[in-house]
Amino acid sequence: MAQLTDRPAYSYRDDPAVPEFDDSGPVVVMDGNCMLCSQGARIISRLDRKQAFRICPIQTPLGGALLAHYGLEPDDPESWLFLDEGKAKGSLQAIIGIGRKLGGIGWALAPLGILPRAVQDWLYRRIAYNRYRLFGHSDMCAMPDPALKARLIG
(Lines give C-alpha, C1' and ligand atoms only; values in the text may rest on other atoms or scores of the structure.)
Protein backbone atom coordinates (compact mmCIF):
# COMPACT_ATOMS: atom_id res chain seq x y z
CA MET A 1 0.00 0.00 0.00
CA ALA A 2 1.33 3.42 -0.94
CA GLN A 3 2.31 5.86 1.77
CA LEU A 4 -0.73 8.10 1.44
CA THR A 5 0.14 10.14 4.51
CA ASP A 6 3.36 11.45 2.89
CA ARG A 7 1.36 13.95 0.84
CA PRO A 8 0.57 17.39 2.31
CA ALA A 9 -3.03 18.10 3.26
CA TYR A 10 -5.22 19.07 0.31
CA SER A 11 -2.41 18.32 -2.19
CA TYR A 12 -5.04 17.15 -4.69
CA ARG A 13 -6.29 20.75 -4.99
CA ASP A 14 -3.04 21.60 -6.81
CA ASP A 15 -3.37 18.65 -9.19
CA PRO A 16 -4.98 19.79 -12.47
CA ALA A 17 -6.09 16.20 -13.17
CA VAL A 18 -8.36 16.21 -10.07
CA PRO A 19 -11.70 17.94 -10.70
CA GLU A 20 -12.93 20.34 -8.04
CA PHE A 21 -15.27 18.77 -5.51
CA ASP A 22 -16.83 19.44 -2.11
CA ASP A 23 -14.12 18.53 0.38
CA SER A 24 -15.57 20.52 3.26
CA GLY A 25 -16.15 17.23 5.08
CA PRO A 26 -14.74 13.71 5.03
CA VAL A 27 -14.68 11.98 1.65
CA VAL A 28 -14.60 8.21 1.14
CA VAL A 29 -13.48 6.92 -2.27
CA MET A 30 -14.53 3.28 -2.63
CA ASP A 31 -15.40 0.59 -5.16
CA GLY A 32 -18.95 1.21 -6.33
CA ASN A 33 -19.22 -2.37 -7.64
CA CYS A 34 -18.35 -4.11 -4.38
CA MET A 35 -21.17 -5.29 -2.14
CA LEU A 36 -19.06 -4.79 0.99
CA CYS A 37 -18.21 -1.21 -0.05
CA SER A 38 -21.83 -0.50 -1.02
CA GLN A 39 -23.01 -1.68 2.38
CA GLY A 40 -20.25 0.39 4.00
CA ALA A 41 -21.50 3.46 2.14
CA ARG A 42 -25.04 2.83 3.38
CA ILE A 43 -23.80 2.39 6.95
CA ILE A 44 -21.87 5.65 6.73
CA SER A 45 -25.00 7.34 5.39
CA ARG A 46 -27.10 6.03 8.31
CA LEU A 47 -24.59 6.78 11.07
CA ASP A 48 -23.43 10.20 9.85
CA ARG A 49 -25.89 12.36 11.76
CA LYS A 50 -24.05 15.56 10.76
CA GLN A 51 -24.39 14.62 7.08
CA ALA A 52 -20.75 15.61 6.58
CA PHE A 53 -19.44 12.57 4.68
CA ARG A 54 -19.28 12.46 0.89
CA ILE A 55 -18.90 9.16 -0.95
CA CYS A 56 -17.19 8.86 -4.32
CA PRO A 57 -17.12 5.62 -6.31
CA ILE A 58 -13.69 4.84 -7.76
CA GLN A 59 -15.37 4.25 -11.11
CA THR A 60 -16.13 7.97 -11.53
CA PRO A 61 -13.71 10.46 -13.13
CA LEU A 62 -13.21 12.13 -9.73
CA GLY A 63 -12.60 8.80 -7.99
CA GLY A 64 -10.08 7.72 -10.60
CA ALA A 65 -8.29 11.08 -10.48
CA LEU A 66 -8.02 10.99 -6.68
CA LEU A 67 -6.64 7.46 -6.76
CA ALA A 68 -4.11 8.43 -9.43
CA HIS A 69 -3.06 11.47 -7.40
CA TYR A 70 -2.14 9.16 -4.53
CA GLY A 71 -0.45 6.59 -6.78
CA LEU A 72 -3.24 4.03 -6.54
CA GLU A 73 -4.85 1.98 -9.31
CA PRO A 74 -8.64 1.64 -9.68
CA ASP A 75 -8.28 -2.09 -10.46
CA ASP A 76 -6.17 -2.80 -7.36
CA PRO A 77 -8.40 -4.33 -4.65
CA GLU A 78 -6.47 -2.39 -2.00
CA SER A 79 -7.26 0.97 -3.63
CA TRP A 80 -9.59 3.11 -1.63
CA LEU A 81 -9.22 6.36 0.26
CA PHE A 82 -10.50 8.22 3.25
CA LEU A 83 -9.84 11.95 2.98
CA ASP A 84 -10.29 13.88 6.21
CA GLU A 85 -9.23 17.50 6.48
CA GLY A 86 -7.37 17.00 3.22
CA LYS A 87 -5.20 14.11 4.51
CA ALA A 88 -5.50 10.66 2.96
CA LYS A 89 -5.63 7.31 4.69
CA GLY A 90 -5.98 3.82 3.27
CA SER A 91 -6.13 0.23 4.49
CA LEU A 92 -7.52 -0.47 7.94
CA GLN A 93 -6.34 2.99 9.09
CA ALA A 94 -9.08 4.46 6.88
CA ILE A 95 -11.76 2.21 8.37
CA ILE A 96 -10.68 3.12 11.90
CA GLY A 97 -10.62 6.81 10.96
CA ILE A 98 -14.12 6.62 9.52
CA GLY A 99 -15.38 4.95 12.71
CA ARG A 100 -13.81 7.63 14.88
CA LYS A 101 -15.20 10.43 12.72
CA LEU A 102 -18.69 8.92 12.80
CA GLY A 103 -18.57 8.48 16.57
CA GLY A 104 -21.19 6.48 18.42
CA ILE A 105 -21.07 2.83 17.41
CA GLY A 106 -18.30 3.72 14.94
CA TRP A 107 -15.93 3.79 17.92
CA ALA A 108 -16.27 0.00 18.04
CA LEU A 109 -13.62 -0.05 15.30
CA ALA A 110 -11.07 1.84 17.42
CA PRO A 111 -9.57 -1.27 19.10
CA LEU A 112 -8.31 -2.37 15.68
CA GLY A 113 -5.86 0.52 16.01
CA ILE A 114 -3.87 -1.33 18.68
CA LEU A 115 -2.89 -3.97 16.15
CA PRO A 116 0.58 -3.45 14.66
CA ARG A 117 0.40 -1.68 11.30
CA ALA A 118 1.71 -4.77 9.48
CA VAL A 119 -1.12 -6.87 10.96
CA GLN A 120 -3.69 -4.21 10.05
CA ASP A 121 -2.46 -4.14 6.46
CA TRP A 122 -2.39 -7.96 6.25
CA LEU A 123 -5.98 -8.19 7.56
CA TYR A 124 -7.17 -5.49 5.19
CA ARG A 125 -5.46 -7.19 2.22
CA ARG A 126 -7.15 -10.54 3.02
CA ILE A 127 -10.55 -8.87 2.96
CA ALA A 128 -9.83 -6.64 -0.06
CA TYR A 129 -8.59 -9.46 -2.29
CA ASN A 130 -11.51 -11.73 -1.40
CA ARG A 131 -14.34 -9.21 -1.14
CA TYR A 132 -16.15 -10.19 -4.35
CA ARG A 133 -15.94 -13.90 -3.52
CA LEU A 134 -17.09 -13.37 0.06
CA PHE A 135 -19.66 -10.59 -0.36
CA GLY A 136 -20.50 -10.42 -4.08
CA HIS A 137 -20.99 -7.57 -6.50
CA SER A 138 -23.31 -4.60 -6.24
CA ASP A 139 -23.84 -1.23 -7.89
CA MET A 140 -23.74 1.45 -5.23
CA CYS A 141 -25.24 4.01 -7.59
CA ALA A 142 -27.97 1.87 -9.19
CA MET A 143 -30.77 2.52 -6.72
CA PRO A 144 -29.40 4.43 -3.75
CA ASP A 145 -31.78 5.53 -1.07
CA PRO A 146 -32.24 9.34 -0.88
CA ALA A 147 -29.82 9.70 2.05
CA LEU A 148 -27.03 7.91 0.18
CA LYS A 149 -27.82 9.65 -3.10
CA ALA A 150 -27.33 13.03 -1.40
CA ARG A 151 -23.79 12.04 -0.41
CA LEU A 152 -22.57 10.66 -3.74
CA ILE A 153 -20.06 12.84 -5.58
CA GLY A 154 -18.03 12.43 -8.72
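The structure this text deals with has already been given above.
Residues numbered from 1 in each chain as written. Predicted model: local features only at pLDDT ≥ 70, side-chain atom pairs only at ≥ 80, totals over all residues. Heavy atoms only, no water.

1. A look at the overall build of the protein chain
Looking only at helices and strands, one finds 5 helices and 4 strands in the protein chain. Going from the N terminus to the C terminus, the protein chain shows its helices and strands as β-α-β-α-β-β-α-α-α. Structurally, the protein chain occupies a C-alpha span of about 35 × 35 × 30 Å along its principal axes. Looking at the protein chain residue by residue over its 154 residues, the buried ones come to 45%. Taking contacts inside the protein chain between residues at least 6 apart in sequence as the whole, the part at least 24 apart equals 71%. In the protein chain, 18 side chains carry a positive charge and 17 a negative one; their mean positions are 8 Å apart. (Helix = DSSP H or I, 4+ residues; strand = E, 2+ residues; numbered from the N terminus. Buried < 20%, exposed > 50% of the residue type's maximum accessible area, 1.4 Å probe, protein only. Contact = heavy atoms within 4.5 Å. Lys, Arg positive; Asp, Glu negative; His and termini not counted. Charge placed at Lys NZ, Arg CZ, Asp CG, Glu CD.)

2. Description of the sheet that holds strand β2 (residues 54-57)
Strand order in the open sheet formed by 4 strands is β2-β1-β3-β4, with mixed pairing between adjacent strands. This sheet does not close on itself; its edge strands, each paired only once, are β2 and β4 (87-89). Adjacent strand axes in the sheet meet at a mean angle of 20°, parallel and antiparallel pairs treated alike. Where strand β3 (residues 81-84) and β4 come together, 3 bridges link them in antiparallel fashion. Counterpart to phenylalanine 82 in the pairing with β4 is lysine 89. (Pairing = 2+ DSSP bridges. Axes fitted to C-alpha atoms, helices over the stretch in contact; angles between N-to-C directions.)

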